[in-house]
Structure formats: C-alpha cells, structure tokens
Amino acid sequence: MNPQHLLDSAYRQVLAGQVMPALRLLGKPLSDLFIQYEQEDRSHELISTARAHPLFEITQQDPYTARAYDKPRGYAGDAVMLDYIYSGQTDHGISPMGARIFQCTTRVSMGLSVVYRKALLNAYINDTAALHSPFSMLSVASGHCREIEGSLVLNDAFQGEFIALDADAQTCAEVTATYTTPKVRALHGNVKQLLQNEVALPGPFNFIYSAGLFDYLSDAVARQLIATLLTRLAPKGRLLVANFVPGAYGRGYMACFMDWHLIYRTTDELKALFPEALRSQVTVTTDPHGNVAYAVYEHSAT
C-alpha cells in the first residue's frame, strides 16, 4: 500500500471515531511497509512522511506514544511506559481522543506481548522460589519489577534474595519504595559496569533474566553480556533473555510515531548470542502474539 494512502485512511478513521480500526492499519500493514522501506535503506522517508502527516499530531495526544517520542528520561521504553501497559492507566489527565488512542496502543498486539512477558517472568520467578531455599535471583535492566507482584518472592514462607539491577536511578528508587522487604534489593548500575565487574553483585544466582535490554544491544555487547551472566549462574540455574522479533506487529508505528527503535532478532539470531558449545542446551520460544522471542539456558549440575 502507498504510505500516503495508508496514513490518509487511518486519519479518516480516527476522525470518524474508529480508533481501533485505524490503529490496526498502523499495526501490521505499516510495519510490513516499514520493513520494506528499511530493506531498501529508505526507512527515513517513511518516517518523514508519517511525521509530516496530520495524523502524527493526533497520536501525540496519547501519553504512551508521546512519552516515547519526548523521552523525558533520555530514552524510549522506560519503566513508566511499561506501567502504562500493565495498568491501562496514565498518571495525568488526557484528552478524550488521547484516551481512546491510549487504550488501543497499550492493548494491541505489542502491548499484549508485554503483558504476557510479565506473566511468564512471574511464573519463572515462582518456580525458582519454590525449588531453591534460599533462592537467589537477578533481573538485569529490571525496570520497576512489576513481575514480582504477588509472587513467592514476597511470601514470608520463602526465603532468599532478589536483585533488581537498573541504570535508571529513578527506576531503582521506585523498586525500593514499592518493595520494602529486605529480600528485594535495587542496585544502580549499567551494562558497561556489569561487564567490567564494577557492580557488587552477590551470587551465584538460581535465576537470571533480562526481559527488555537485549532489544538495544549490539550483537557484540549482547554476546559479552550473556557470557558474563553465565558465569553468575548456580548449578541448575537458569538464564532467560528476551528480544522482539523482526516481524513484530507495531514496529512501524514505534519507529514513525514514537521514535522508538529496537534491535530485532529472529529466534536463530537470539540463540546465536550464546556460546556455540552451549546452544544445544538453549530453548527458544516465541510468545502467543508472535512478537517476542525467549531464549532459556539451564546450567548443568556440577
């Protein structure tokens, strides 16, 4: 489809109050178009066309879209963005149109994948707490750790330690304020510090995961980080890393309207980040919505 025609059609639907049909047009059809332009090294043209269209200003009434574009913390996809998806609520008043767009952008396929990711991580966390006494867990680029809400980590019957490592000081402060139990500890640190062994981590860990970081890491850094995290695993410990896949539903909307750019990887590309000798022990799956791949490695007993 011609990008101008696609944008015009979505714009007419929004003005007619048909917000969800419009957002569906800006989902897979726009993403397919974006991938085509990207393969031709012309993605900048599609982005420019979208931002010059009157539809762009309307989408910025949505706080989810606008926050990614404005980047109040210097980057898109901060922990507040994830809270928007989890809760379906914003922290300030918005226009009626913004509210309608918000309900769509946070509940279309990509948003549902983030909700699923939270539930999946909660299941792994519970399994780890149930199997190990005391347990030891590490979340890398943790965000607000909403996945431990209602988990066994917070149950007095299960003892152990959960470390939330994040480069955003405000995010770390939110974790500390939310989870007052001494079992949960926020650590302020970034990937570079972790790779250079400048972060005072305990360990070894029964479960290490990184749910949203690898979408921003080059292959070289991602491989180095995985190698580092593998050395932190306890016997029978598990390492989980997630990555959005190239055909993700909202990729075009994110690039054009949110200025949010990820490094997408296929399941094979995600597995290839692990040391070759360990790849046979790595299981890779994709979420039910087809947007996020998960690679899980289990350390052999020694």
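A short tour of the structure in this document, coming up. (Residues numbered from 1 in each chain as written. Predicted model: local features only at pLDDT ≥ 70, side-chain atom pairs only at ≥ 80, totals over all residues. Heavy atoms only, no water.)

Things to note about the sheet that holds strand β5 (residues 233-244)
Move 1: The strand order across the open sheet formed by 7 strands is β3-β2-β1-β4-β5-β7-β6, and the pairing between neighbours is mixed. The sheet is open, and its two edges are formed by β3 (184-188) and β6 (282-286), each paired on a single side. The mean angle between the axes of side-by-side strands here comes to 15°, regardless of whether they run parallel or antiparallel.
Move 2: With 5 bridges joining them, β6 and strand β7 (residues 292-298) adopt antiparallel strand pairing. Note that in β7 the partner of V282 across the bridge is Y297.
Move 3: Each of β2 (160-166) and β3 touches helix α10 (residues 169-178); the most contacted strand, β3, lies at about 170° to it.
Move 4: Sheet contacts for helix α12 (residues 219-230): β1 (135-140), β4 (205-210), β5 and β7; angle to β5, the most-contacted strand, approximately 155°. (Pairing = 2+ DSSP bridges. Helix = DSSP H or I, 4+ residues; strand = E, 2+ residues; numbered from the N terminus. Axes fitted to C-alpha atoms, helices over the stretch in contact; angles between N-to-C directions. Contact = heavy atoms within 4.5 Å.)

Quick look at the side chain of K183
Move 1: Turning to its location among the elements, K183 is positioned in the loop between α10 and β3.
Move 2: An unpaired buried charge is present at K183: no salt bridge exists, and D156, the closest side chain of opposite charge, is 5.0 Å distant.
Move 3: Within the local environment of K183, its side chain forms a polar contact with the backbone oxygen of V153, the two atoms lying 2.7 Å apart.
Move 4: A polar side-chain atom of K183 sits 2.8 Å from the main-chain carbonyl oxygen of N155. (Buried < 20%, exposed > 50% of the residue type's maximum accessible area, 1.4 Å probe, protein only. Lys, Arg positive; Asp, Glu negative; His and termini not counted. Salt bridge = Lys/Arg side-chain N within 4 Å of Asp/Glu carboxyl O. Polar contact = N/O pair within 3.5 Å; in protein donor to acceptor, adjacent residues only side chain to side chain.)

Side note on helix α6 (residues 63-70)
Move 1: With 6 of 8 residues buried, α6 lies mostly within the body of the structure.
Move 2: Of the residues making up α6, those classed as buried are P63, Y64, T65, A66, R67 and A68.
Move 3: One side-chain oxygen at the N-terminal end of α6 lies 3.0 Å from the backbone nitrogen of Y64; it belongs to D62.
Move 4: Phi turns positive, to about 55°, at K71, one or two residues after α6.

Focus: the packing of aromatic side chains
Move 1: Counting across every chain of the model gives 8 aromatic pairs.
Move 2: Look at F56 and F257: their rings are 6.2 Å apart centre to centre, the planes differ by 25°, and that puts the pair in the stacked class. Note that F56 is positioned in helix α5 (residues 54-59) and F257 in helix α13 (residues 251-257), a separation of 201 residues in sequence. Judged on exposure class, the residue F56 and its partner F257 are both buried.
Move 3: Aromatic ring contacts, followed pair by pair, group F56, Y69, Y253 and F257 into a single cluster.
Move 4: Sitting over the ring of Y37, R42 keeps its end group 4.4 Å from the ring centre. (Phe/Tyr/Trp six-rings, centres within 6.5 Å; stacked < 30°, edge-to-face > 60°. Lys NZ or Arg CZ within 6 Å of the ring centre and 35° of its normal.)

Side note on the pairing of β2
Move 1: Counting buried positions along β2 gives 5 out of 7 residues, so the element sits mostly inside the fold.
Move 2: Sheet topology note: the β1/β2 ladder contains 6 bridges and is parallel. When the sheet's bridge partners are listed, V140 is paired in β2 with L165.
Move 3: Direction of pairing for β2 relative to β3: parallel, over a ladder of 5 bridges. Each residue of the ladder has a partner; that of F162, found in β3, is V184.

Quick notes on the nonpolar core
Move 1: Grouped together as the largest cluster of nonpolar side chains are 64 residues, with contacts concentrated most on L26, F162, F257 and W260.
Move 2: Examining the composition of this core, we find that 6 residues originate from one element, helix α9 (residues 109-131), more than from any other.
Move 3: Those residues in contact with F257 that sit more than four places away from it in its chain are L7, L26, L30, A50, L55, F56, T59, Q60, T65 and Y69.
Move 4: Core analysis: the next-biggest nonpolar cluster, separate from the first, contains 30 residues, F214, L233, L270 and Y297 among them. (Core = buried A, V, L, I, M, F, W, Y, C linked by side-chain atoms within 4.5 Å.)

As for the pairing of β7
Move 1: Along β7, 6 of the 7 residues are buried, which leaves the element largely enclosed by surrounding structure.
Move 2: Inspection of the sheet shows β5 paired to β7 by 7 bridges, in the antiparallel sense. When the bridges of β7 are listed, A242 appears paired with Y294.
Move 3: Linking β6 back to β7 in an antiparallel pair, the connection comprises 5 residues, with G290 at a positive phi of about 75°.

Fair warning: the whole summary comes from geometry, so function is off the table for now.
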